[in-house]
Each structure stands twice: as structure tokens, then as C-alpha cells.
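Close look at the chain arrangement
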Amino acid sequence: MQYVEDIFRTLLTCAQGMRITMRHLLFTDNITVQYPDHKRVLPERFRGVLHADSTKCTGCTLCARACPVNCIIIEFEGKGKDRRVARFEIDISTCMWCGLCVEACRESAIETTLEYEISCYVQDDMRLKFGLGPKKEQLPAERAEPPAPQAPSSGQTGGPSTPPESPGGSAPGGQQP
Ligand code: SF4
Ligand code: SF4
């Protein structure tokens, strides 16, 4: 009896699949797009080429640490309050467009764009370079002079609220100048 039931279920699921196929075949317009003359409208949350804004970046390295393939390289200049990003590169030839770096950034300094045409002839062109971060005197007042941290109340737990300085001053995959 089970044997007959299995055959029936197989035929039923095949018929269900073919119903969807025939519906698209007979009643849906062709959707071939004559790329590159015509391009499809991309969804709002499309994850294209990354863009980093070095004027917003604090060099916290959260994005680089969140990256599963270590394709973000961050180098620093200076120490303490004077520290600034001296090099910010993303190797998009290894980036897998997961967007984890964007989610990790608390400053909205790195974001995905709607750009996806990234073919090039030279491998080095796949390294997106986002220039130097601003010097301290170029920062908005609230960034240049952050408020003094408040002493934790008794019983308070958790890590520091300010971005941690990584021991080597460099992100995973990054280098210390
Ligand atoms: S999108 Fe993913 S793979 Fe690409 S740089 Fe960000 S975290 Fe790394
Ligand atoms: S997480 Fe944001 S602020 Fe931190 S280093 Fe990356 S881009 Fe800069």
C-alpha cells in the first residue's frame, strides 16, 4: 500500500511543478533584458560595490573584523585621539558581497551601492582605495573632542563603550605603518 501511495505522491508533485512551469511558459511575457543597453531596476537593498567614507570612519576596525574573507585593509597614523585612518582598502576581487561589514559599522561609514559593473583588466584595480581619513583639526567638534567617559556605576558589566584600540593598531589582514 505504501508503494502505491509513494507513486501517487510522486505524480502529484510532478504535476504541481509542471503547472508552475506551464503557467510561466504560456501566460508570462518574456523577460530577456538587452543588457547593457537596458538594465533591470535593482531592488533597494541590492548589495553592490562597497563604498567607504573616510571622513566618517573612526578606524575602529569592526568592519575588518566582521569580514569573513579579510578583504578589508585598514592602517592607522598617530595614537590615541590623534589616530586617523591612513589607508582603507577593500579588495573586491575576494569580497563576497555579504554586507557583514556594513552591518558592523556603527558610523555608517561603509555602505553598499547599486554599482555592480566592476570588470577590469588589472588585478590591482580591484582594490578600492578610500584615501586618508581627516586630521583631528578637520573633524567635527564632537568627533575631535569626544566627551569624557563616565565612571561606570557599581555593578555595571560589559565592555568599554568607546571603540577598542587593537593591540597592533591594525585590522585583521591590515598592517601597522
Ligand atoms: S561585503 Fe562581506 S566579504 Fe565583502 S568586505 Fe564586507 S564583510 Fe567582507
Ligand atoms: S566599522 Fe566603520 S568606522 Fe569602523 S573602521 Fe570600519 S568603516 Fe570605519
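Figured I'd write up the structure that's included with this text.

Calculation criteria
Residues numbered from 1 in each chain as written. Chains lettered and ligands numbered in written order. Predicted model: local features only at pLDDT ≥ 70, side-chain atom pairs only at ≥ 80, totals over all residues. Helix = DSSP H or I, 4+ residues; strand = E, 2+ residues; numbered from the N terminus. Buried ≥ 20, exposed ≤ 12 C-beta atoms within 10 Å, placed from the backbone. Contact = placed C-beta atoms within 7 Å. Pairing = 2+ DSSP bridges. Axes fitted to C-alpha atoms, helices over the stretch in contact; angles between N-to-C directions. Near = placed C-beta within 6 Å. Nonpolar A, V, L, I, M, F, W, Y, C, P; charged D, E, K, R; others polar. Core = buried A, V, L, I, M, F, W, Y, C linked by C-beta atoms within 7 Å.

A word on the overall build of the protein. A tally of regular secondary structure across the protein gives four helices and five strands. Counted from the first residue to the last, the protein has its helices and strands arranged as α-β-α-β-β-α-β-β-α. Counting all 177 residues of the protein, 14% fall into the buried class. Partitioning the intrachain contacts of the protein with sequence separation of at least 6 by distance along the chain shows that 76% fall at a separation of at least 24.

Our focus in this paragraph is the pairing of strand β3 (residues 84-91). Two faces belong to every sheet, and in a regular strand the side chains alternate between them. Relative to β3, strand β2 (residues 72-77) is paired through six bridges, and the arrangement is antiparallel. Within β3, the position partnered with Ile 72 by the bridge is Ile 90. The turn joining β2 and β3, which pair antiparallel and follow one another in sequence, is formed by six residues; a positive phi near 75° is taken by Gly 78. Of the strand pairs in this sheet, β3 and strand β5 (residues 127-129) are connected by three bridges, and their pairing is antiparallel. Its bridge partner being in β5, Glu 89 is matched across the sheet by Lys 129.

What follows covers the environment of Ile 73. With respect to the helices and strands, the residue Ile 73 is situated in strand β2. With 19 C-beta atoms packed within 10 Å, Ile 73 lands in the partly exposed category. Taking the C-alpha atoms as reference points, Ile 73 and Phe 88, separated by 15 residues in sequence, lie 5.7 Å from one another.

Turning next to the sheet that holds β3. The pairing of strands in a sheet happens through backbone hydrogen bonds and is either parallel or antiparallel. Strand order in the open sheet made by the three strands is β2-β3-β5, with antiparallel pairing throughout. Strands at the two margins of the open sheet, each flanked by one partner only, are β2 and β5. Shown here is a sheet whose adjacent strand axes are inclined to one another by a mean of 20°, direction ignored.

Turning our attention to the site of ligand 1. Residues in close proximity to ligand 1 total 14 residues, the closest being Cys 67, Cys 95, Cys 98, Leu 100 and Cys 101. By residue class, the composition of the shell around ligand 1 is 13 nonpolar, one polar and no charged.

What follows concerns the site of ligand 2. Close to ligand 2 lie 14 residues; Cys 57, Cys 60, Leu 62, Cys 63 and Cys 105 are nearest. Considering only residue class, the shell around ligand 2 consists of 10 nonpolar, three polar and one charged.

Counting residues in each nonpolar core, the largest one holds 19 residues, and the members touching the most others are Ala 52, Cys 63, Ile 72 and Ile 110. Elements supplying a minimum of two residues to this core: β1 (50-52), α2 (62-66), β2 and β3. The contacts of Cys 63, once residues within four sequence positions are left out, are Ile 72, Cys 101, Ala 104, Cys 105 and Ile 110.

In this structure, Pro 36 follows Tyr 35 across a cis peptide bond, with omega equal to 5°. Within the secondary structure, Pro 36 sits in the loop between α1 (2-27) and β1. The residue Thr 61 is not glycine, and still its phi comes out positive at about 70°. Take Thr 61: it is sitting in the loop between β1 and α2. The class for Thr 61 is buried, based on 25 C-beta atoms found within 10 Å.

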